[in-house]
Structure formats: structure tokens, C-alpha cells
Amino acid sequence: MSAPVPDRSSILIVDDMEENLVALEAVLGPLDQQLVTARSGEAALKAMLRQDFAVVLLDVLMPGMDGFETASNIKRLDQTKDVPIILLTGTDVDADYAYRGYALGAADFLSKPIDPWVLRTKVNVFLDLDRKNRQLAVQAEQLRRLLVAEHSPRGGGAAAAEGPLEGTWSATGQPQRMGAGRGGAEQLAEITERLVQIEMMLRGSETSEAPELSNRIAELERSVRRLGADEEAL
């Protein structure tokens, strides 16, 4: 079973008005996620370099570094460029604001006053995507450990060749080790199962890199199955 992934994600709320931050926190509170606030674009960038966020709610009309400039800087940094941005603005704005936001890479654009149900629904989409991505990262790490263990030197004695293998999990979600004596074919079968799980998650993801990654995973599955067939033939 895959390692459990924490349910709580982090949401960054950026607005120079304290009352707006309080209102947005109240709206998003029922989602039971970690809410982080910033009063400026500079503070938002610093927060994003300190931790990961599932989504950013970014006010457009801020003094100094406004929402457009902040979004541009977010998309320019490798560490933050993939974080979805929902731009928020008042009703009396230029008609091209939405176009400018989407051109900068914003995922969505909402005008105030914001419908709480609509905002929570949109944010939930990105929370679900974040959970899938974190689960994928956990499974990829488990797969890496399985592959390393499978191709590790066999000359270190029985413990090295047939001993416990890191990275497996029990049905209760607790870490455990593979029992001694498990053959290479059985380990290859488990690796194949993990690859299938990761491929399914990738094909259900909305990220642009997912199709290419899932094709690579599928090719790796076929390679592992060939290895298993070769081992059974020996």
C-alpha cells in the first residue's frame, strides 16, 4: 500500500487590506487547510520560497508590486512557476485585466464581491490536484527505493541479497520492511504494480507534463515485465 499523504495543503492569500484577508480566511476556513497570508507581493514571494503551496489567491490592486507583477515574478522562478494563481480584483477595473492575468499564466480570475461557494469550489480543484501530486511524489520515491534495492550488489551476504527492503507500507499505513527470502521475480512484480499506479495517476493529472511522463512510465513497465519474464525463464 502506498505511504499516507497528509491531507492538509497550504493556501497563500495575498491582499494589502487586512479586512480582505480576514474575509477570505473565513470563506476558506471550512476547507480545513493551512492558510497563510501576505500583505504585499514581496511578502508573498518570500513565503513561497519558504514553503510549498497548493494555490495562491492574489489581489490585483496592491500598492508597490501589484498582482500582475507578483504573478509574473512567481511564474519566473523555477521553484514557484507551477503553483496555480487565482487573481482577485474589484468590479471597477479595466476590461483587459482578465486577459492580462491569463497571459501571465494565472489559472483563474474572480471579481469582487466573491461568491464564497464559487471560490471554495475553484480552490478545491487545485487542492485535489496538489494531493495527487504529493501522492505521486511519495510513490515515485518508493519506486526509486525498490529499484535501488533490486539492483544493489548481491555480494554483501544474505542480508544484502534477501533482506528487508525499505519503502513498503502495511494496510494500516505504517512503514514496514519486505520479509527475507523474497525472490527477484516477486520484487519485480511489486515494482510493476507501483508503476501501474503511478501511470494511472499521471494520466488523470491535468498538468502539461503528465502525458509524456505517463508514456515513459508505461515503457518502464514493459521493461520491468521483460526482466521478470527473463528471470522466470532462468
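Every value quoted in this text rests on a predicted model; they were computed, and no experiment measured them.

Visitor: Would you explain the overall build of the protein in this entry?
Guide: Within the protein, the regular secondary structure consists of eight helices and seven strands. Counting every position in the protein, which comprises 234 residues, the buried fraction comes to 41%. Here the contacts in the protein between residues at least 6 apart in sequence split such that 61% fall between residues at least 24 apart. Only carbon and sulfur atoms are counted for the fraction: they give 55% of the accessible area of the protein, which is about 12,700 Å².

Visitor: Just checking my understanding: could you explain the packing of helix H2 (residues 41-50) against helix H3 (residues 67-76) for this structure?
Guide: The packing of two helices is summarised by the inter-axis angle and the distance between the axes. With their axes 9 Å apart at the nearest point, H2 and H3 run at an angle of 20° to one another. Judged by the inter-axis angle, H2 sits roughly parallel to H3. Where H2 crosses over H3, the two elements pack in a sense that is right-handed. Of the residues in H3, those touching H2 at Gly41, Ala44, Leu45 and Met48 are Thr70, Asn73 and Ile74.

Visitor: What is the right way to look at the packing of aromatic side chains in this model?
Guide: Taken as a whole and assessed by the stated rule, the structure comprises one aromatic pair. Positioned above the aromatic ring of Phe68, the side-chain terminus of Arg100 is 4.0 Å from the ring centre.

Visitor: Explain the environment of Leu129 to me, please; I cannot follow it from the model alone.
Guide: By the secondary structure assignment, Leu129 is in helix H5 (residues 116-150). Residue class for Leu129 comes out buried when judged on its relative accessible area of 18%. Residues Leu129 and Val55, 74 residues apart in the sequence, show an inter-C-alpha distance of 9.9 Å.

Visitor: What am I meant to see in H2 here?
Guide: Along an α-helix, a turn takes 3.6 residues, which lines up residues three or four apart on a common side. Along H2, the residues classified as buried are Gly41, Ala44, Leu45, Ala47 and Met48. Angularly, the buried residues of H2 cover 160° about the axis, an arc narrow enough to put them on a single face. Structural note: H2 exposes Lys46 and Arg50 on the side pointing more than 90 degrees away from its buried face. In this fold, the buried residues of H2 make contact with strand S1 (10-14), strand S2 (34-38), strand S3 (55-59) and H3.

Visitor: How should I be thinking about the sheet that holds S3 in this particular structure?
Guide: As a general point, the strands of a sheet are linked pairwise by backbone hydrogen bonds and lie either parallel or antiparallel. One open sheet accounts for five strands, arranged S2-S1-S3-S4-S5; its pairing is parallel. Edge positions in the open sheet fall to S2 and strand S5 (108-111), since each of these has one partner strand only. Neighbour-to-neighbour, the strand axes of this sheet turn through a mean angle of 20°, independent of strand direction. By the bridge criterion, four bridges tie strand S4 (residues 85-89) to S5 in an arrangement that is parallel. Paired with Leu88 across the bridge in S5 is Leu110. The sheet contacts of helix H1 (residues 18-28) involve S1, S2, S3 and S4, and relative to S1 the element is tilted by about 155°. The strands touched by H2 are S1, S2 and S3; relative to S1, the strand with the most contacts, the crossing angle is about 165°.

Visitor: Sorry if this is basic, but what is going on with the side chain of Thr70 here?
Guide: If you trace the backbone, Thr70 turns up in helix H3. If sequence neighbours within four positions are ignored, Thr70 has contacts with Gly41, Ala44, Leu45, Leu58, Met62 and Met65.

Visitor: For this particular structure, what's the right way to read the side chain of Asn73?
Guide: Positionally, Asn73 belongs in helix H3. When sequence neighbours within four positions are dropped, the list of residues in contact with Asn73 reads Leu45, Met65 and Thr80.

Visitor: Teacher, can you tell me more about the pairing of S1 here?
Guide: A regular strand places its side chains so that they alternate between the two faces of the sheet. The buried fraction of S1 is high, at five of five residues. Neither face of S1 is exposed, since Ser10, Leu12 and Val14 on one face and Ile11 and Ile13 on the opposite face are all buried. Looking at chain direction, S1 and S2 are connected through five bridges and run parallel. Across the sheet, Ile11 pairs through a bridge with Leu35, a residue of S2. Taken together, S1, H1 and S2 form a β-α-β motif whose crossover is right-handed. Bridge count between S1 and S3: four bridges; the pairing is parallel. Pairing of Leu12 across the sheet is with Val56, part of S3.

Each value, and the rule that gives it
- Residues numbered from 1 in each chain as written.
- Predicted model: local features only at pLDDT ≥ 70, side-chain atom pairs only at ≥ 80, totals over all residues.
- Heavy atoms only, no water.
- Helix = DSSP H or I, 4+ residues; strand = E, 2+ residues; numbered from the N terminus.
- Buried < 20%, exposed > 50% of the residue type's maximum accessible area, 1.4 Å probe, protein only.
- Contact = heavy atoms within 4.5 Å.
- Areas by Shrake-Rupley, 256 points an atom, 1.4 Å probe, with all protein chains shown as cover.
- Axes fitted to C-alpha atoms, helices over the stretch in contact; angles between N-to-C directions.
- Parallel < 35°, antiparallel > 145°, perpendicular 65-115°, else oblique.
- Left-handed = near helix turned anticlockwise from the far one by under 90°.
- Phe/Tyr/Trp six-rings, centres within 6.5 Å; stacked < 30°, edge-to-face > 60°.
- Lys NZ or Arg CZ within 6 Å of the ring centre and 35° of its normal.
- Arc of directions from axis to C-beta.
- Pairing = 2+ DSSP bridges.
- Right-handed = clockwise from strand over helix to strand, strands pointing away.

Any link to function would need more than the numbers given here.
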